[in-house]
Amino acid sequence: MRLIFLIFFLLIHSVSHSQNLVGKVISVADGDTITILDNKYLQTKIRLYGIDTPEKGQPFGKAAKRFTSKLTYKKKATIKRYDTDKYGRTVGVVFVDGINVNAEILKAGFAWQYRKYCKASFCEDWILLEKEARKSQVGLWKGVAPVSPWKWRKGARNSSYSKSNTGKYGDAGTGFHGNIKSHVFHSSSCRHFNCKNCIESFYTRKKAIAAGYRPCGGCKP
Ligand SMILES: [Zn+2]
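The shown structure was predicted, so the numbers you read here are calculated from the model rather than taken from an experiment.

Participant: Even after reading the chapter, I still don't get helix α2 (residues 61-72), so can you show me in this structure?
Facilitator: Residue pairs three or four apart in sequence face the same way in an α-helix, which turns once every 3.6 residues. The end-to-end C-alpha distance of α2, which contains 12 residues, comes to 17 Å, matching closely the 16 Å that a straight helix rising 1.5 Å per residue would cover. Of all the positions in α2, only Gly61, Ala64, Lys65, Phe67, Thr68, Leu71 and Thr72 are classed as buried. Taken end-on, α2 shows its buried residues confined to a sector of 160°, consistent with a single buried face. In this structure, the buried side of α2 is in contact with β1 (20-30), β2 (33-37), β5 (76-84), β6 (90-96), β7 (99-100) and α3 (101-107). Once α2 finishes, Lys74 follows within two positions and takes phi at roughly 65°, a positive value.

Okay, here's the thing in structure tokens:
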């Protein structure tokens, strides 16, 4: 009996002294957002700290969500809180079965290390995880000219964005998608960017034109 009390007090102690949350993962909104249900039946939405996965409409957005689901859905998770975002969500590192989920997503190539917000001591290591994934071309790094989600979100607000950002490499390039049927190409901010036949990718506008594609009249890439 005494032992049980001791364990109980140790648990209370460790919970109150850390910022950890514990709960079962009841939904996965996208690659970097999950919801947990704790033992008081309270739901908490968690934004995964220090990483940014592709948005739903972006290439590999669904794959990133699937990956996070595979690791966390219906499992018991411990969340180490690091921050609260502007939407009031808890921002934390998620652990499931002793696995650091955030790092695992980076390793599998389904996220960028979130340059702007990753400030913890391990964030430098996380850049290396991202680099390793890029090098081995896993996950979204299989794709041509992957667009970081933060650029994608900007692009969605400002259609002229991609004109000035036709960088050649990885996260610098927003890239263009060409429709293999109509031979029209679109910027990443265009609603047609991921259309059914928009499967040809170009790093630059020039390359799209050289390949015989013409710019979309809507997004005017
Ligand atoms: Zn377009």
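Participant: Can you walk me through the nonpolar core in this structure?
Facilitator: Across soluble globular proteins, nonpolar side chains have a tendency to be buried as a group. Membership of the largest hydrophobic core comes to 29 residues, with the highest contact counts inside it found for Ile51, Val94, Ile105, Leu106, Phe110 and Ala111. Only β1, β2, β3 (43-48), α2, β5, β6, α3 and α4 (123-135) provide two or more residues apiece to this core. Top element by residues in this core is α3. It accounts for four residues. Apart from the residues within four sequence positions on either side, Ile51 is in contact with Asp32, Asn102, Ile105, Leu106, Ala111, Trp112, Gln113 and Tyr114.

Participant: Looking at this structure, how should I read the pairing of strand β10 (residues 184-187)?
Facilitator: Regular strands show a simple pattern: their side chains alternate between the two faces of the sheet. On β10, burial covers both faces: Val184 and His186 on one face and Phe185 and Ser187 on the other are all buried. Summarising the sheet, strand β9 (residues 176-178) and β10 pair through three bridges and their orientation is antiparallel. The partner of Gly178 across the bridge, within β10, is Phe185. Remark: five residues form the turn of the hairpin made by β9 and β10, two consecutive strands paired antiparallel; His183 in that turn has positive phi of roughly 60°. Judged from the two bridges that link them, β10 and strand β12 (residues 214-215) form a sheet pairing that is parallel. Residue Phe185 lies in a different strand from β12, and its bridge partner there is Pro215.

Rules and cut-offs
- Going along each chain's sequence as written, the residues are numbered from 1 onward.
- Reporting in this predicted model follows two pLDDT cut-offs: at least 70 for local features of residues, and 80 or more for side-chain atom pairs to be given and counted; totals over whole chains, interfaces and linings ignore these cut-offs and use all residues.
- Helix numbers and strand numbers start at the N terminus; a helix is a DSSP run of H or I with at least 4 residues, a strand a run of E with at least 2.
- Working rule for helices: expected span equals 1.5 Å times residues minus one.
- Buried, partly exposed and exposed are defined by the number of other C-beta atoms within 10 Å of a residue's own C-beta, namely 20 or more, between the two limits, and 12 or fewer respectively, with C-beta atoms placed from the backbone.
- Directions drawn from the helix axis to the C-beta atoms are what define this arc.
- A pair of residues counts as a contact when their C-beta atoms, built from backbone coordinates, are within 7 Å of each other.
- What makes a nonpolar core is a set of buried Ala, Val, Leu, Ile, Met, Phe, Trp, Tyr and Cys residues, with links drawn between C-beta atoms within 7 Å.
- Pairing between two strands requires that DSSP report at least two bridges joining them.

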